[in-house]
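Chains, contacts and geometry: an overview
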Amino acid sequence: MSHAHSHDHHHDHDHDHAPIEAEDTSSSDTAILADALRMVLIEKGIFTAAEVQDQLTLMEGRSDRNGAAMIARAWVDADYRDALLADGAAAAQALGYDTKGTPLIVLENTAKVHNVVVCTLCSCYPVTLLGPSPEWYKSKAYRGRVVRDPRSVLREFGTEIGPDREVRVHDSTADMRYMIMPKRPKDSAGMTEDALAGLITRNGLIGVAEL
Amino acid sequence: MQAIFGPGDRVQVMDLEAEQGLTGHMRAPVYCRGKTGEIERFCGAFGNPETLAYGGDGTPAQPLYRVRFKQADVWPGYAGAANDCIEIEVYQHWLKAG
């Protein structure tokens, strides 16, 4: 931290009062190992530092706006909706999003069914369409609880599903990836595709929220 | 490997760990082993993760299905609605007619 600012009040200086920040894991054993491995692979010419930077830029450029754009298109274009539900990866490709050869299953929330996605094995997630997954998605609490008590977990996200609707959990443990098509908000008639995309949240695309 | 099940077929998930002494990386979640559900769809054939995990080539590719279970059949005392379901991807060699 910078000590350029002046102190006109007393501090107990037996500690460095650095600002509270997210946990710094840059000196963890795994981070050091990963850094060392990356440097060795660059030295051996397996890949270049520039290629690593390109990949990081690519990863940072992925966001849930990709998935939101697909769902907004499906809401305004019945043919696209049918294509999306039939083959999610091909429908992603049609809008210029590459799912890297991984199949995508899009599940539609309806008046009868509410869908929610989890990966109990690890944290499988359609990163190309939703960006990096949120921390809670990777937590043991979410993974362990949503499969056996989904309605309580949904309630903690502020999502109350009536007893007349089926809650359908999808455990993403193998080769498929999943995205949810939320129910279109009732008051959204006449909105543009871009405006509709703005209504679509990441949590809606995972299925822990409605819109 | 040929896909031997189709949508609507009743299937039971085997416990290859208990029944055949399988060890190591297994994809069929413990909580669905021994449970009976219904094929929701056939997803295609994919490399077997149990050999891929150890540097193998994953052959023969295993047919993969999404199997739909009633939550009440999976979790004793399930607290949600009676028609709540869970769908899990299960490879064919873990399944038998149920």
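Residues numbered from 1 in each chain as written. Chains lettered and ligands numbered in written order. Predicted model: local features only at pLDDT ≥ 70, side-chain atom pairs only at ≥ 80, totals over all residues.

**Observations concerning the overall build of chain B**
Of regular secondary structure, chain B possesses three helices and five strands. Along chain B, from the amino end to the carboxyl end, the secondary structure elements read β-α-β-α-β-α-β-β. Taking 98 residues into account, the globule formula puts the C-alpha radius of gyration at 13 Å, and chain B, at 14 Å, falls close to it. Per-residue burial over chain B gives 32% buried out of 98 residues. (Helix = DSSP H or I, 4+ residues; strand = E, 2+ residues; numbered from the N terminus. Rg over C-alpha atoms; globule rule 2.2 N^0.38 Å. Buried ≥ 20, exposed ≤ 12 C-beta atoms within 10 Å, placed from the backbone.)

**Examining the domain arrangement of chain A**
On domain assignment, one finds that chain A holds domain 1 (29-60) and domain 2 (63-206). Taken over C-alpha atoms, the centre of domain 1 of chain A sits 32 Å from the centre of domain 2 of chain A. (Domains from an automatic or database assignment.)

**Topic: the nonpolar core**
By size, the foremost hydrophobic cluster in this structure holds 61 residues, and its most contacted members are Ile-71, Val-116 and Val-118 of chain A together with Val-90 of chain B. Counting residues per element, this core draws most heavily on helix H3 (residues 64-76) of chain A, which supplies seven residues. Apart from residues no more than four positions distant in its own chain, Val-116 of chain A is found in contact with Val-146, Pro-150, Leu-154, Val-167, Val-169, Gly-207 and Val-208 of chain A. (Core = buried A, V, L, I, M, F, W, Y, C linked by C-beta atoms within 7 Å. Contact = placed C-beta atoms within 7 Å.)

**Some words on the interface of chain B and chain A**
Each partner contributes residues to the interface: chain B has 17 residues there, and chain A has 19 residues. Listing elements by their share of the side of chain B that touches chain A, those giving two or more residues are strand S2 (36-46) and strand S4 (85-91) of chain B. The class makeup of the residues in the side of chain B that touches chain A is eleven nonpolar, two polar and four charged. Direction of pairing for strand S3 (residues 166-171) of chain A relative to S4 of chain B: parallel, over a ladder of four bridges. Directly across from Arg-168 of chain A, in S4 of chain B, lies its bridge partner Cys-85 of chain B. (Nonpolar A, V, L, I, M, F, W, Y, C, P; charged D, E, K, R; others polar. Pairing = 2+ DSSP bridges.)

**Here we look at the confidence of the model for chain A**
Overall, the prediction assigns chain A a mean pLDDT of 90, with 88% of residues at 70 or greater. Note that pLDDT drops below 50 for residues 1-13 of chain A; the model gives that stretch three contacts with residues more than four away or on any other chain. (pLDDT = per-residue confidence, 0-100.)

**Notes on the pairing of strand S3 (residues 62-70) of chain B**
Residue and element names in this part refer to chain B. For S3, a buried count of seven out of nine residues is recorded, marking the element as mostly surrounded by other parts of the structure. Sheet topology places S2 next to S3; seven bridges connect them, and they run antiparallel. Note that in S3 the partner of Ile-39 across the bridge is Val-67. As paired strands, S3 and S4 are joined by seven bridges and run antiparallel to one another. Each bridged residue has a counterpart across the sheet, and for Val-67 the counterpart in S4 is Ile-88.

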